[in-house]
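# Analysis of the macromolecular model
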Amino acid sequence: MAGLIRKEDIDEVRARTDIREIIEGYVSLKSAGIGTFKGLCPFHDERTPSFNVRPQVGSYHCFGCGESGDVYSFVMAMEHTSFVETVERLAARIGYTLHYEGGKPGDRYEAGMRRRLLDAHKIATEFFERNLYSPDAQEAQRFLGARGFDPAATRKFGVGYAPRGWDHLLKHLRSQGFTDEELKATGMFSEGNRGLYDRFRGRIIWPIRTIAGETIGFGARRLFDDDQGPKYLNTPETQLYKKSQVLYGIDLAKRDMTKTKQVVIVEGYTDVMAAHLAGITTAVATCGTAFGPGHIKMVRRMITDDGSGGEIIFTFDGDAAGQKAAMAAFQEDQRFVAQTFVAVAENGMDPCDLRLHKGDAAVRSLIASRRPLFEFAIDSTLVKYDLATLEGRVLAMRAIAPIIAGIKDRDLRPAYMRKVSGQLGLELDEIQRAVAYAQNHPKLSRIQQAEATAAPRYERLNEGPQGVPGAPGYAGIQGAVHADAPYDPAYDAPPPEDHVAPSAYAGQNAAAHPPSSIQPAVPQPEATAPAVEEFLTPDPRDPVARLEKAALEIALQYPELISVEQWRNLAIVQFRYRTHREVAAGIIHAATVMAPTPGIEWINCVRSGAVEGVHPAIAELAVSPLPVSSDEYLPNFVTGALNALFEQQIARQKSDLMMRLEQLSANPDDEEFEAVQRQLLELEMRRRQLSTQRG
């Protein structure tokens, strides 16, 4: 055993690691308010960004699927690493030396299997690269040179050569200390009666890397006629390599993909190389499989496919196989919000051949000449029918109508209906009726059917006892606060009629000392709570829920802006919803054990003082964007939001006291009657003071 990593080191690595920088290796993020960034969620497929990251507190939360956590949980989910592997990996990234407790000293740097597999791939990549420049690799050098790739180009892409023979790589990795169990798990070896042997022999090698640049597999091309294997041979599915989730060249293309919101999908390794060398630096390719849902999800995250623009350009050979691939891509078109295009060279050449025969400018011109994918689909569909006959033209119209109905830009549909009317020699109104029918009777794919029946997570959470769905939960709820104004008094609306008011305000005479000695409010008796009080999302239609939520967001994100007096008042607030009460308990706990300072340590301290059932809510509230446009408005917002909550609490207490005063009205000379009147006067003076502070 390697022993346990010291907690202090775990906290230090977390604090020193920029969670935004880590997440941007997988997701394109945009500013979404003060200190908050937003992008498409990497954990589920979505069209509108709901994945929020708040670097200051080191947390992320998706308002669509509910996933949340810190930098460790994100890397573990993305890379399928254990906790120890994740800490070690992030520590190595920032050059931090970890300390271990327990275990044998010699074992303390022992890594998990995934780390070992990555190390093996790294060593194998270096091995293949060295061999490309050896005398035995002349055939590989001729092949690459004949396709216009010089040594500088091959080094940029890490191209290598697997020497002929059965155990060159096997011996090399064994000499580096790898066991046969580890070597089998890499996918770089096959197994026969005599044991392991090299999978790649006498082939050109392309390393297949993750977005982060780590090699997880290889693609290999046959060079010699006596090689009876397939022309292209890839790493099989392994713990690291999932062909439906990798794109060759993504490590080199990711930055420009994010910057330009463009991705060019080509068909092969040499096409990616040629495109990049020609200046098309957003080119990527699939690895031994068709472009499918897993690849789409990856691309959409990288270009932030949320309707704000973007281009997905497919390049295909001009042969029948290329047309078939283009039509297969069109079947996935509706998964994208961005516009999809296809680029096919007139002579049917792929980007590699085009660059070789006509130069870099020809590759750039190919991409510039792209045409909408739906237009390509229309033309490809028309050629399948005999347009010389009326029957053929009608069948073609029926086949094309769903394509026109699916054009994302509705303003283009009338123009294409007129065009098709001319091509088919049919009346425009016939085409219009066919398109309208296709719109009203869409043929859903299996995936679309599944998506249509899947209710959003927070709608399911909010279903009441009778199965009546409530409004969505925290997702997108900003409260009712104007971006640049003090808190809106409209939040002080009375509670719903069926709400049972809790007992009078507790802890009126809180001790006058700083937050370190704050005492939480006395919890409500369970008798006033619902029969089953689960940790459900508070109803955002309730103004009190919005008040409470805004106050908790402030306390989690900007605790340093809360004054001592405000902390005292917050500690005695009687929160209506159990979720809010438990989160507040964690906040007050944190305020009693440490100085209220924003950051990861503060959030972790809050979590430690709250029941586990509200940890997801803490993560969500900690990253929710506040409706404030700049830092200069924050103090006013904090004061207004907190005072609005405090005023609501005073109104609740006054209501209870007025009821008691009514009960005592028969004997107005009673001492208790006078005491209640004094309390009401004090509460009114306090309410006016808070109202004045809110402006």
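It should be emphasised that the depicted structure is a prediction, and the values quoted were computed from it without experimental measurement.

Another point: the overall build of the protein. Counting its regular elements, the protein contains 28 helices and 18 strands. Nonlocal contacts in the protein, meaning residues at least 24 apart in sequence, comprise 70% of its contacts between residues at least 6 apart. In the structure as shown, the protein presents an accessible area of about 32600 Å², 51% of it carried by carbon and sulfur atoms.

Before going further, it helps to spend a moment on the pattern of salt bridges. Any two side chains of opposite charge can pair, so long as their charged atoms come close to each other. Summed over the entire model, instances satisfying the criterion amount to 28 salt bridges. A salt bridge links Asp 70 to Arg 14; its shortest N-O distance comes to 2.9 Å. You can see Asp 70 sitting in the loop between strand 6 (68-69) and helix 3 (71-79) and its partner Arg 14 sitting in helix 1 (residues 7-16), a full 56 residues away along the chain. The two residues Asp 70 and Arg 14 agree in class, both being buried. When the shortest N-O distance is used, the salt bridge between Arg 174 and Asp 180 registers 3.0 Å. Since its relative accessible area comes to 38%, Arg 174 is described here as partly exposed. Through salt bridges with shared partners, a single ionic network connects Lys 7, Asp 11, Arg 14 and Asp 70.

Backbone-to-backbone hydrogen bonds join strands into a sheet, with any given pair of strands oriented parallel or antiparallel. Within the open sheet, the five strands sit side by side as 15-14-16-17-18. Their pairing is mixed. Only two strands of the sheet have a single neighbouring strand rather than two, namely strand 15 (283-285) and strand 18 (371-372). Contacting strand 14 (262-266) and strand 15, helix 10 (residues 250-260) runs over the sheet at an angle of about 130° to strand 15.

Here we come to the confidence of the model for the protein. Detailed conclusions should not be drawn from predicted coordinates in areas where pLDDT is low. Across the protein, the average pLDDT comes to 80, with 80% of residues at 70 or higher. Counted against residues more than four places away or in other chains, residues 522-533, with its pLDDT under 50, gives eight contacts.

Strand direction decides the pairing type here: strand 9 (residues 189-192) and strand 10 (residues 195-198), joined by four bridges, are antiparallel. Each bridged residue has a counterpart across the sheet, and for Gly 192 the counterpart in strand 10 is Gly 195. Taking the residues between adjacent antiparallel strands as the criterion, strand 9 and strand 10 are bridged by two residues.

So, on to the sheet that holds strand 11 (residues 203-209). A sheet is described by the order of its strands in space; here four strands give the open sequence 8-11-12-13, paired in antiparallel fashion. In this open sheet, the two strands that pair with only one neighbour each are strand 8 (160-162) and strand 13 (232-234). Averaged over neighbouring strand pairs, the angle between their axes works out to 35° when direction is ignored. Sheet analysis places strand 8 next to strand 11, joined by three bridges and oriented antiparallel. When the bridges of strand 11 are listed, Gly 160 appears paired with Ile 205. Docked against the sheet, helix 5 (residues 113-132) engages strand 8, strand 11 and strand 12 (215-222), running at close to 35° with respect to strand 12.

The next point concerns helix 5. Under the 1.5 Å per step criterion, the end-to-end length of helix 5 is 29 Å for 20 residues, consistent within 8% with the ideal 28 Å. Buried within helix 5 are the following residues: Arg 114, Leu 117, Leu 118, Ala 120, His 121, Ile 123, Ala 124, Thr 125, Phe 127, Phe 128, Asn 131 and Leu 132.

Right, let's get into helix 4 (residues 83-94). Look at helix 4: 17 Å from first C-alpha to last across 12 residues, which is about the 16 Å you get at 1.5 Å a residue. Burial in helix 4 covers these residues: Glu 85, Thr 86, Val 87, Glu 88, Arg 89, Leu 90 and Ala 91. Among the structural elements, strand 1 (4-5), helix 1, helix 2 (19-23), helix 3, strand 7 (100-101) and helix 5 are those in contact with the buried residues of helix 4. Following helix 4 by one or two positions, Gly 95 adopts a phi angle in the positive range, close to 70°.

A few words on the environment of Gln 566. For Gln 566, the location among the structural elements is in helix 23 (residues 564-571). The sequence separation of Gln 566 and Leu 642 amounts to 76 residues, and the corresponding C-alpha distance is 7.5 Å. Each residue touching Gln 566, except ones within four places of it in the same chain, is listed here: Leu 561, Thr 639, Leu 642, Asn 643 and Phe 646.

So, about the packing of aromatic side chains. Taken as a whole and judged by the stated rule, the model has 18 aromatic pairs. Relative to Phe 74, the ring of Tyr 60 has its centre 5.6 Å away and its plane inclined at 75°; by these criteria the two rings are edge-to-face. Remark: Phe 74 occurs in helix 3 and Tyr 60 occurs in strand 5 (residues 59-62); sequence separation between them is 14 residues. The class of Tyr 60 is buried, set by a relative accessible area of 1%.

Attention now goes to the state of the cysteines. For the structure on display, the rule yields zero disulfides. As a non-bridged cysteine, Cys 65 has Cys 62 as the owner of its nearest cysteine sulfur, 3.7 Å distant. Since its relative accessible area comes to 18%, Cys 65 is described here as buried.

A few words now on the environment of Arg 47. Locating Arg 47 in the fold gives a position in the loop between strand 3 (37-39) and strand 4 (51-54). Taking the relative accessible area as the measure of exposure, Arg 47 reaches 38% and is therefore partly exposed. It is 6.9 Å that separates the C-alpha atoms of Arg 47 and Val 337, two residues lying 290 residues apart in sequence.

Within the fold, Arg 54 resides in strand 4. For the buried Arg 54, no salt bridge is present, and the opposite-charge side chain at shortest range is Asp 631, 7.5 Å distant. A polar contact of 3.0 Å, which involves the side chain of Arg 54, links it to the backbone oxygen of Ile 34.

This part takes up the pairing of strand 4. The alternating pattern of strand 4 places Phe 51 and Val 53 and Asn 52 and Arg 54 on opposite faces, both of which are buried. With three bridges connecting them, strand 3 and strand 4 associate as antiparallel partners. Note on strand 4: the bridge partner recorded for Gly 39 is Phe 51. The sheet contact formed by strand 4 and strand 5 spans four bridges and is antiparallel. Note that in strand 5 the partner of Arg 54 across the bridge is Ser 59. In this antiparallel pair of consecutive strands, strand 4 and strand 5, the connection spans four residues, and Gly 58 shows a positive phi of 65°.

Another point: unusual backbone geometry. Phi at Lys 261 is positive, roughly 55°, even though this residue is not glycine. Mapped onto the elements, Lys 261 comes out in the loop between helix 10 and strand 14. On the basis of relative accessible area, Lys 261 is assigned to the buried category, the value being 14%.

Each value, and the rule that gives it
- Residues numbered from 1 in each chain as written.
- Predicted model: local features only at pLDDT ≥ 70, side-chain atom pairs only at ≥ 80, totals over all residues.
- Heavy atoms only, no water.
- Helix = DSSP H or I, 4+ residues; strand = E, 2+ residues; numbered from the N terminus.
- Contact = heavy atoms within 4.5 Å.
- Areas by Shrake-Rupley, 256 points an atom, 1.4 Å probe, with all protein chains shown as cover.
- Salt bridge = Lys/Arg side-chain N within 4 Å of Asp/Glu carboxyl O.
- Buried < 20%, exposed > 50% of the residue type's maximum accessible area, 1.4 Å probe, protein only.
- Pairing = 2+ DSSP bridges.
- Axes fitted to C-alpha atoms, helices over the stretch in contact; angles between N-to-C directions.
- pLDDT = per-residue confidence, 0-100.
- Expected span 1.5 Å × (residues − 1).
- Phe/Tyr/Trp six-rings, centres within 6.5 Å; stacked < 30°, edge-to-face > 60°.
- Disulfide = S-S within 2.5 Å.
- Lys, Arg positive; Asp, Glu negative; His and termini not counted.
- Polar contact = N/O pair within 3.5 Å; in protein donor to acceptor, adjacent residues only side chain to side chain.

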